[in-house]
Amino acid sequence: MPAPLRTLAIASLVVALAVAKPPAGPPIYDPDPTQPGAGKLQGETWSKESETASLWLTRIDEETRKTFVRRRSGLELDPFMTARAQEAGGFIAFHVLVENRTETRLVFQPQACRLQTSWKDFQAPLDLPTILAAFAIADHAPPPHIERIRSAIIDGEVVLKPGETRDGLFIFHAFDPSVKSFQVDLGATLTRGEPFGFSAFYKKRKVKK
């Protein structure tokens, strides 16, 4: 991850690790498939499929995230939990699935994927170095065997041969609740260098007064 992006990600994660009062009534963001460049939407799952490759992105809740991390990594303490157990909304999690159906070579780089808000703020999914740095800055010891988190998140370049798949989590730090919309840009590179991807769009649900 480029140094400026890593600095921003670390700063955001440090805030989540600090003790703070949880926001009252967090906003709800609904999928918005009407935007140009949006993937196909079914429930909470976005996708793009072709004869040679496919990408899938599913927003998951905190409990699903914790269960996935524990099952994949064996870690009992979820490093993405906020400082207070009762706090929620510190992170936004997605399950990502990448499939190479017939391409000679498919390359997926998670740090080239982005979450961007209507404020034009953007961030890459958290990786292990960013997580470790955030714990160090916040003067918290990371959970034992934290390196196992790489079994749960997609961390680093993925190269798939024909018939291979890879799945894992994308974790982003929650943004300012005043944001009206956000999007997640997901993409891979096919054999001849052609981009293959889509965007998942979300807009804030209007609160009835």
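Residues numbered from 1 in each chain as written. Predicted model: local features only at pLDDT ≥ 70, side-chain atom pairs only at ≥ 80, totals over all residues. Heavy atoms only, no water.

Summarising the element assignment, Asp167 is placed in strand S10 (residues 165–173). With relative accessibility at 19%, the residue Asp167 sits in the buried group. A distance of 2.7 Å separates a polar atom in the side chain of Asp167 from a polar atom in the side chain of Arg72. Separated by 2.6 Å, the side chains of Asp167 and His95 make a polar contact. Apart from residues lying up to four places away in sequence, Asp167 is in contact with Phe68, Arg72, His95, Val96, Leu97 and Ile154. (Helix = DSSP H or I, 4+ residues; strand = E, 2+ residues; numbered from the N terminus. Buried < 20%, exposed > 50% of the residue type's maximum accessible area, 1.4 Å probe, protein only. Polar contact = N/O pair within 3.5 Å; in protein donor to acceptor, adjacent residues only side chain to side chain. Contact = heavy atoms within 4.5 Å.)

Moving on, we get to the nonpolar core. Looking at soluble globular proteins, one finds that nonpolar side chains tend to be buried together. Leu57, Phe94, Phe108, Phe170 and Leu186 are the most contacted members of the largest nonpolar core, which totals 29 residues. Elements represented by at least two residues in this core include exactly strand S4 (53–60), strand S5 (91–100), strand S6 (106–108), strand S9 (158–160), S10, strand S11 (181–189) and strand S12 (195–204). Apart from residues lying up to four places away in sequence, Phe108 is in contact with Leu55, Val96, Val98, Cys113, Ile154, Gly156, Glu157, Val158, Phe170, Leu186, Gly187 and Ala188. Membership of the second largest hydrophobic core comes to 17 residues, among which are Phe68, Phe91, Leu126 and Ile171. (Core = buried A, V, L, I, M, F, W, Y, C linked by side-chain atoms within 4.5 Å.)

Attention now goes to the pattern of salt bridges. Close approach of charged atoms allows side chains of opposite charge to pair. Under the counting rule described, the total for this entry stands at 9 salt bridges. The closest approach of N and O atoms between Asp167 and Arg72, which form a salt bridge, is 2.7 Å. Here the residue Asp167 occupies a position in strand S10, and Arg72 occupies one in helix H2 (residues 62–73), the gap between them amounting to 95 residues. One salt bridge connects Asp155 with Arg150, and the closest N-O pair in it is separated by 2.8 Å. In this structure Asp155 comes out as buried when scored by relative accessible area, which is 18%. One connected set of salt bridges, linked through shared partners, spans Glu49, Glu99 and Arg101. (Salt bridge = Lys/Arg side-chain N within 4 Å of Asp/Glu carboxyl O.)

As a further point, take the pairing of S4. Successive residues of a regular strand alternate their side chains across the two faces of the sheet. The element S4 is extensively covered by neighbouring structure, given that 6 of its 8 residues are classed as buried. Here strand S3 (residues 45–49) runs beside S4; their pairing, made up of 5 bridges, is antiparallel. Bridge assignment links Glu49 to a residue of S4, and that residue is Ser54. As consecutive antiparallel partners, S3 and S4 are separated by 3 residues. Relative to S5, S4 runs antiparallel, the two being bridged by 8 bridges. Residue pairing in the sheet places Leu57 in a bridge with Val96 of S5. (Pairing = 2+ DSSP bridges.)

By themselves, these observations are geometric and do not establish any function.
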